[in-house]
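Letter by letter, the chains look like this.
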Amino acid sequence: MIRFILSDLRRLWAGSLVVVLLVALATALGVSVVLQERALRLGSARAADKFDLVIGAGGSETQLVLSSVFLQPSPLPLMPGEVLGKLAADPRVDWAAPIGFGDSFSGYPIIGTTTMLAQNLSGGGLAEGKIFAREGEAVIGAAVKLSLGGEIKPMHGSLEEGGETHTELIYHIAGRLRPTGTVWDRAILVPIQAVWHIHGMEAEEHAGDGEHEHEVASGTDSAEHGHEHEKAGADHGGHEHDGEADPDAALDESRTAGAPGLPAILVKPKTIADAYKLRQDYRSGNTVAVFPGEVLTNLYATLGDAKQILVAVASGAQALVAASLVLVTVIHIGQRRRQIGALRAFGAPRGAIFGIVWLEFFFLVAVGIALGFALGYAAALILSGMFSQTSGITMPVGFAREDAGLAAVLLAFATILAALPAVLAYRQSPAQALRA
């Protein structure tokens, strides 16, 4: 029987190929949607795992996480700089690192921060070089295509947006971080002290200062914003760096009191209990504290709705393919009536005819499903690679245990679908078939 089936498939190779490709493409669509959505969830969750708690000024929690954890360009309000000093002195805090953004270089975001974040971001120190120790030094992420000792000229915004290059300071690359699998692999870390000086943001006393109306945008500092900071620097002319940066100036990260306004602070609590207490303490007044994982959960809910829509589209495509296959098989059985009649005339029982036709069609559909899983996996790999290139987030693509259930459902459907032409062949009498 097997030899007869293989011979039959070789003789009807064109029609068999069409059936396999139809099933493969319909299956690949559904598989790629499932794998890509899972890869996006895992990649973003791993990126957020690097940061336990994010504190910022009152506003959108989602935007705070997207800007501070995923470095998405967007304006954020500034919170009082005194918050950094309070966190640094809090016994519940292991470390707290401010971040400031607004500049870029060759498409890479420049993030102002402290040596604490640079030391803890990759978890294993530096891949090469050293942590910045002066205002004119920088540490680059693992995916930044620059070399140690290279120059970085910060630019307001991006070149496409008509950004303006700073002339106050040129950074020199002192070290490179180990890979983190996050968007921070494409970031350039510089001393926040230098960022403040470049933008004329001198240290100010903000005790009891109420709300700050200033905003910073990744890559979009306006001219008015710059003038306001220059005026602030002029009002505090007693400071050593009045809107100027000294590349050889040593860092003084112990001066947390009176720091300029900050868009966000990344906090590493000592314990889980401390994390919840800090979150509660800083969710009132002018600040908001969030767990990135909580925000991602809300985003996943939206993503889940989008996934349902895509799965529905894929299911619709698979239903259309199934209908097409039914039509093809009915026509196919009609064309093979003489062959079936001859087999019956030579003594082949109805059960054998049913088995031959069922096995042929089930084999074709099963091959199409297997090929569809392979094509869907390849498509998800390509899409994830493209997304990782632009975002820096590593998106792991892989099958999970529940995917076996999907394969089982598809094979069960193939079993039922293959029975239709087999039943049509089973019901044909030899006399009717030979007269056709």
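Along each chain, residue indices are assigned from 1 in the same order as the chain's sequence is written. It should be noted that, the model being predicted, local features are given only for residues of pLDDT at least 70 and side-chain atom pairs only at 80 or more, the latter also being counted only at that level, while totals for whole chains, interfaces and linings use all residues. Only hydrogens and water are set aside; all other atoms, that is, all heavy atoms of the structure, feed into the side-chain values.

Caption draft 1: The arrangement of the overall build of the protein chain in detail. Within the protein chain, the secondary structure is distributed over 13 helices and 13 strands. Three labels apply to residues, based on accessible area from a 1.4 Å probe with only protein chains included: buried if under 20% of the type maximum, exposed if over 50%, partly exposed otherwise in between. Counting across all 436 residues of the protein chain, residues that qualify as buried make up 46%. As displayed, the protein chain offers around 20900 Å² of accessible surface, 60% of which is attributable to carbon and sulfur atoms. In this text, helices come from DSSP runs of H or I with a minimum length of four residues, and strands from runs of E with a minimum of two, each type numbered from the N-terminal end. Only the protein chains shown count as cover for residues, and all accessible areas are computed by the Shrake-Rupley method using a 1.4 Å probe.

Caption draft 2: Fine view of the environment of Gly-368. Locating Gly-368 in the fold gives a position in helix H11 (residues 350-391). Taking relative accessible area as the criterion, Gly-368 reaches 0% and is therefore assigned buried. Between the C-alpha atom of Gly-368 and that of Ala-24, which follows or precedes it by 344 residues, the distance is 4.3 Å. If we skip the residues at most four places from it in the chain, Gly-368 touches Val-20, Val-23 and Ala-24. Contacts are residue-level and defined by heavy atoms, with any inter-residue pair within 4.5 Å sufficient.

Caption draft 3: How the structure looks around the environment of Val-321. By the element assignment, Val-321 lies in helix H9 (residues 292-335). With a relative accessible area of 15%, Val-321 lands in the buried category. Taking the C-alpha atoms as reference points, Val-321 and Thr-27, separated by 294 residues in sequence, lie 9.8 Å from one another. If we skip the residues at most four places from it in the chain, Val-321 touches Leu-22, Val-23 and Ala-26.

Caption draft 4: Spatial organisation of the nonpolar core. Ranked by internal contacts, the top residues of the largest apolar core, which has 57 residues, are Ile-99, Leu-117, Trp-184 and Leu-189. Broken down by element, the residue count for this core peaks at nine residues, all from helix H2 (residues 13-48). Residues contacting Leu-189, with those up to four places away along its chain left out, are Ile-111, Thr-113, Ala-118, Leu-121, Phe-132, Ala-138, Val-139, Leu-177 and Trp-184. What makes a nonpolar core is a set of buried Ala, Val, Leu, Ile, Met, Phe, Trp, Tyr and Cys residues whose side-chain atoms join them at distances within 4.5 Å. Membership of the second largest hydrophobic core comes to 20 residues, among which are Ala-57, Ile-192, Tyr-282 and Ala-289.

Caption draft 5: Highlighting the packing of aromatic side chains. Ring pairs are drawn from Phe, Tyr and Trp, using the six-membered ring of Trp, whenever the two centres fall within 6.5 Å, and their geometry is named by plane angle: stacked under 30 degrees, edge-to-face over 60, tilted for the rest. Throughout the structure, instances matching the rule amount to five aromatic pairs. Between Trp-358 and Phe-362, the ring centres sit 4.9 Å apart and the planes meet at 5°, which makes this aromatic pair stacked. Of this pair, Trp-358 and Phe-362 both sit in helix H11, separated by four residues, roughly a single helical turn. Each ring, one from Phe-373 and one from Phe-399, has its centre 5.9 Å from the other, and the planes form 35°; the classification is tilted. Of this pair, Phe-373 sits in helix H11 while Phe-399 is found in the loop between H11 and helix H12 (401-427), placing the two residues 26 residues apart along the sequence. A relative accessible area of 12% means that Phe-373 is categorised as buried. These aromatic residues form a ring-pair network of at least three members: Phe-373, Tyr-377 and Phe-399.

Caption draft 6: Structural context of the pattern of salt bridges. What makes a salt bridge here is a side-chain nitrogen of Lys or Arg within 4 Å of a carboxyl oxygen of Asp or Glu, nothing more. Taken as a whole and assessed by the stated rule, the structure comprises 10 salt bridges. Between Asp-52 and Lys-268 there is a salt bridge, and its shortest N-O distance comes to 2.9 Å. Of the two residues, Asp-52 is situated in the loop between H2 and strand E1 (53-57) and Lys-268 in strand E12 (residues 264-269); the sequence distance between them amounts to 216 residues. On the basis of relative accessibility, which here comes to 32%, the residue Lys-268 falls in the partly exposed class. With a closest N to O distance of 3.9 Å, Lys-130 and Glu-137 form a salt bridge. Its relative accessible area of 15% is what places Glu-137 among the buried residues. One continuous salt-bridge network, built from bridges that share partners, spans Arg-38, Glu-402 and Asp-403.

Caption draft 7: Representation of the confidence of the model for the protein chain within the structure. pLDDT is defined as a per-residue confidence score from the predictor, taking values between 0 and 100. Model confidence for the protein chain is summarised by a mean pLDDT of 77, while 73% of its residues fall at 70 or above. Long-range and interchain partners of residues 204-243, a stretch whose pLDDT sits below 50, account for 79 contacts in this model, where long-range means more than four residues apart.

Caption draft 8: Expanded view of the pairing of strand E6 (residues 137-140). Neither face of E6 is left uncovered, since the one carrying Glu-137 and Val-139 and the one carrying Ala-138 and Ile-140 both have all their residues buried. By the convention used here, strands pair only if DSSP detects at least 2 bridges between them. Sheet topology places E6 next to strand E9 (residues 171-177); four bridges connect them, and they run parallel. Within E9, the residue paired with Glu-137 across the bridge is His-172. Judged from the two bridges that link them, E6 and strand E10 (residues 188-191) form a sheet pairing that is antiparallel. Along E10, the bridge assignment pairs Ile-140 with Ile-188.

Caption draft 9: Representation of the pairing of strand E4 (residues 108-113) in the model. Counting buried positions along E4 yields five of six residues, so the element is predominantly enclosed. Note: strand E3 (residues 93-105) against E4, five bridges, orientation antiparallel. Across the sheet, Ser-104 pairs through a bridge with Pro-109, a residue of E4. With four bridges joining them, E4 and E10 adopt parallel strand pairing.

Caption draft 10: Examining the environment of Glu-137 more closely. Tracing the chain through its elements places Glu-137 in strand E6. Taking the C-alpha atoms as reference, Glu-137 lies 7.6 Å from Pro-191; in sequence the two are 54 residues apart. For Glu-137, the contacting residues outside a window of four places in its chain are Lys-130, Ile-131, Phe-132, Tyr-171, His-172, Ala-174, Val-190 and Pro-191.

Caption draft 11: Spatial organisation of a nonpolar patch on the surface. On the surface, a nonpolar cluster with roughly 600 Å² of combined accessible area is contributed by Trp-13, Leu-17, Leu-21, Leu-25, Leu-371 and Leu-375. Where the nonpolar patch is concerned, the elements lending two or more residues are H2 and H11. In terms of residue count, the dominant contributor to the nonpolar patch is H2 (four residues). Position of Trp-13 among the secondary structure elements: in helix H2. The exposed category is assigned to Trp-13, whose relative accessible area is 57%. Note that patches include only residues with greater than 30% relative accessible area and no salt bridge, and the join distances are 9 Å for like charges and 5 Å for nonpolar side chains (Val, Leu, Ile, Met, Phe, Trp, Tyr).

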